[in-house]
Amino acid sequence: MAHYKIGLLPGDGTGPEVLDEGLKVMRAAAAKFNVTFDTELFDFGGERYKKTGEVLPDSAIGELAQCDALFLGAIGHPDVAPGILEKGILLRVRFELDQYINLRPVKLYPGVDTPLKDKGPEEIDFVVIRENSAGLYTGVGGVQRQGTPYEVAIQNMVYTRNEVDRCLRYAFEYARKRNKTNTLTLCGKTNVLTYVYGLWERAFHEMGKAEFPDVKREYAHVDATTMWMVKNPEWFDVVVTGNMFGDIITDLGAMIQGGMGIAAGGNINPEGVSMFEPIGGSAPKYTGMNVINPLACIFAGQMLLEHLGESAAAAAVEQACVDFLTSGTLKGLSVSDIKAAGMSTTKIGDWIADRVAQL
Ligand code: IPM
Ligand code: MN
């Protein structure tokens, strides 16, 4: 019997509510496949910060690093200035645990609406691998003469060869394992950001030629990537890109797969501890109302199970979600759709957990 320790970071707003449902469904799948979990609660977020001034103490990093995986609800509190919790919790965990991959499947499930005309689940099914530990997010910089007309602001995009190589290697291996069209597209900006994306492009082709001759290599500038994601999403299999571009194109990805209510992501350290999260925000105005859609968090739980090597349990979660999405229970994924259907956060979790048990 496999046993895992899962660190829980419910966070802010509706984070705790969706995490409960994600966990409920994960437990249902675990019970079926002889997997057990211990959980450890890390209650960092806006409320704790307001009470104690503590964002994420150093000691917590060591404790998080002892878990087999981490499961996060949402970070962001209306009473806390933007950036404090995002940088102090989410980004800090990513950096300190060296979760250098942000894995974002862009998959349109049957029964889910996409704003793209004439595109369906056949066309929208790719994965974005965003570098998650460097680039503009950690590049050196600073401000001088702030608030004066002579203010200077600098924020550098910095990549080392090693940071690029380890991300590319993960992406090539992922494309090979996914085995869809065996295509890896590098998304860059080699026509302007010639230093940084010049490095990415050279490293991409060198590694591809030497180690992954079976994986087809494509290149697209980031602006063109956003265009193709809307016009011809079926062209993509696996896309690899730097941190900032990845942040931007994955929100576009979330929209074409049905919105923030369904999009999940993994912050992965292939050699260490990884953290899974729904990528939508904390939706503070719906806190405690039991109306927010938990699907994104349930899909994050599915990714967590897959990451632990519990593929059968992960597949059961995915199947149960598909059954829910095609059941006609909801007309859409928004709060008003949930209310209109007489459903709730907990009822959706119950529905999917029951289905997992029946499969
Ligand atoms: C994401 C988010 C974060 C990011 C924010 C909340 C710091 O937008 O996970 O994509 O920019 O990486
Ligand atoms: Mn983002």
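Residues numbered from 1 in each chain as written. Chains lettered and ligands numbered in written order. Predicted model: local features only at pLDDT ≥ 70, side-chain atom pairs only at ≥ 80, totals over all residues. Heavy atoms only, no water.

Novice: Please explain the packing of aromatic side chains as it appears in this structure.
Specialist: Counted under the stated rule, the structure contains 12 aromatic pairs. Aromatic pair Trp228 and Trp235: ring centres 4.7 Å apart, planes at 50°, arrangement tilted. Ring centres of Phe324 and Trp351 lie 5.2 Å apart, and the angle between their planes is 70°; on these two criteria the pair is classed as edge-to-face. In this pair, Phe324 sits in helix α10 (residues 311-325) while Trp351 sits in helix α12 (residues 345-358), placing the two residues 27 residues apart along the sequence. By relative accessible area, which is 2% here, Phe324 ends up buried. Put simply, the rings of Tyr159, Tyr197, Trp200 and Phe245 touch in pairs and so form one group of aromatic residues. We note Arg130 situated over the ring of Tyr137; from NZ or CZ to the ring centre the distance is 5.1 Å. (Phe/Tyr/Trp six-rings, centres within 6.5 Å; stacked < 30°, edge-to-face > 60°. Helix = DSSP H or I, 4+ residues; strand = E, 2+ residues; numbered from the N terminus. Buried < 20%, exposed > 50% of the residue type's maximum accessible area, 1.4 Å probe, protein only. Lys NZ or Arg CZ within 6 Å of the ring centre and 35° of its normal.)

Novice: Honestly, unusual backbone geometry in this entry has me stumped. Any pointers?
Specialist: With glycine set apart, most residues show a phi of negative sign, and most peptide bonds adopt trans. You will see that Asn34, though not glycine, has its phi angle at about 65°, which is positive. Here Asn34 is to be found in the loop between α1 (15-32) and β2 (35-41). Given the relative accessible area of 48%, Asn34 is considered partly exposed. Even without being glycine, Asn182 reaches a positive phi, approximately 50°.

Novice: Please clarify how the site of ligand 1 should be interpreted in this entry.
Specialist: Ligand 1 sits among Glu86, Leu90, Leu91, Arg94, Arg130, Tyr137 and Asp247. One of the side-chain N or O atoms of Arg94 is found 2.6 Å from an oxygen atom in ligand 1. Here ligand 1 loses 73% of its free accessible area of 320 Å² to cover by the protein chains. At 4 residues, the largest contribution of residues to the shell around ligand 1 is made by helix α4 (residues 84-96). A class-by-class count of the residues in the shell around ligand 1 yields 3 nonpolar, no polar and 4 charged. Split by domain, the residues of the shell around ligand 1 number at least three in each of domain 1 (1-112 + 283-359) and domain 2 (114-257). (Near = heavy atom within 4 Å. Polar contact = N/O pair within 3.5 Å; in protein donor to acceptor, adjacent residues only side chain to side chain. Areas by Shrake-Rupley, 256 points an atom, 1.4 Å probe, with all protein chains shown as cover. Nonpolar A, V, L, I, M, F, W, Y, C, P; charged D, E, K, R; others polar. Domains from an automatic or database assignment.)

Novice: Got a minute to help me understand the nonpolar core in this structure?
Specialist: Soluble globular proteins tend to bury their nonpolar side chains together. Formed by 91 residues in total, the largest nonpolar core has its most connected members in Ile6, Phe71, Ile129 and Trp200. Considering every element that reaches this core, the biggest residue donor is α10, with 9 residues. Three or more residues apiece are contributed to this core by two domains, here domain 1 (1-112 + 283-359) and domain 2 (114-257). One finds Phe42, Leu72, Val80 and Ile89 within the second-largest nonpolar core, a separate group that totals 20 residues. (Core = buried A, V, L, I, M, F, W, Y, C linked by side-chain atoms within 4.5 Å.)

Novice: Looking at this structure, how should I read helix α8 (residues 243-256)?
Specialist: Note that an α-helix has 3.6 residues per turn; residues three or four places apart therefore point the same way. Under the 1.5 Å per step criterion, the end-to-end length of α8 is 20 Å for 14 residues, consistent within 8% with the ideal 20 Å. Residues of α8 that are buried: Asn243, Phe245, Gly246, Ile249, Thr250, Gly253, Ala254 and Ile256. Along the long axis of α8, the arc covered by the buried residues comes to 165°, so they all point the same way. Buried residues along α8 sit against β4 (101-107), β5 (125-131), β8 (183-188), α6 (194-211), α7 (222-231) and β10 (238-241). At the C-terminal side of α8, Gly258 shows a positive phi close to 120°. (Expected span 1.5 Å × (residues − 1). Arc of directions from axis to C-beta. Contact = heavy atoms within 4.5 Å.)

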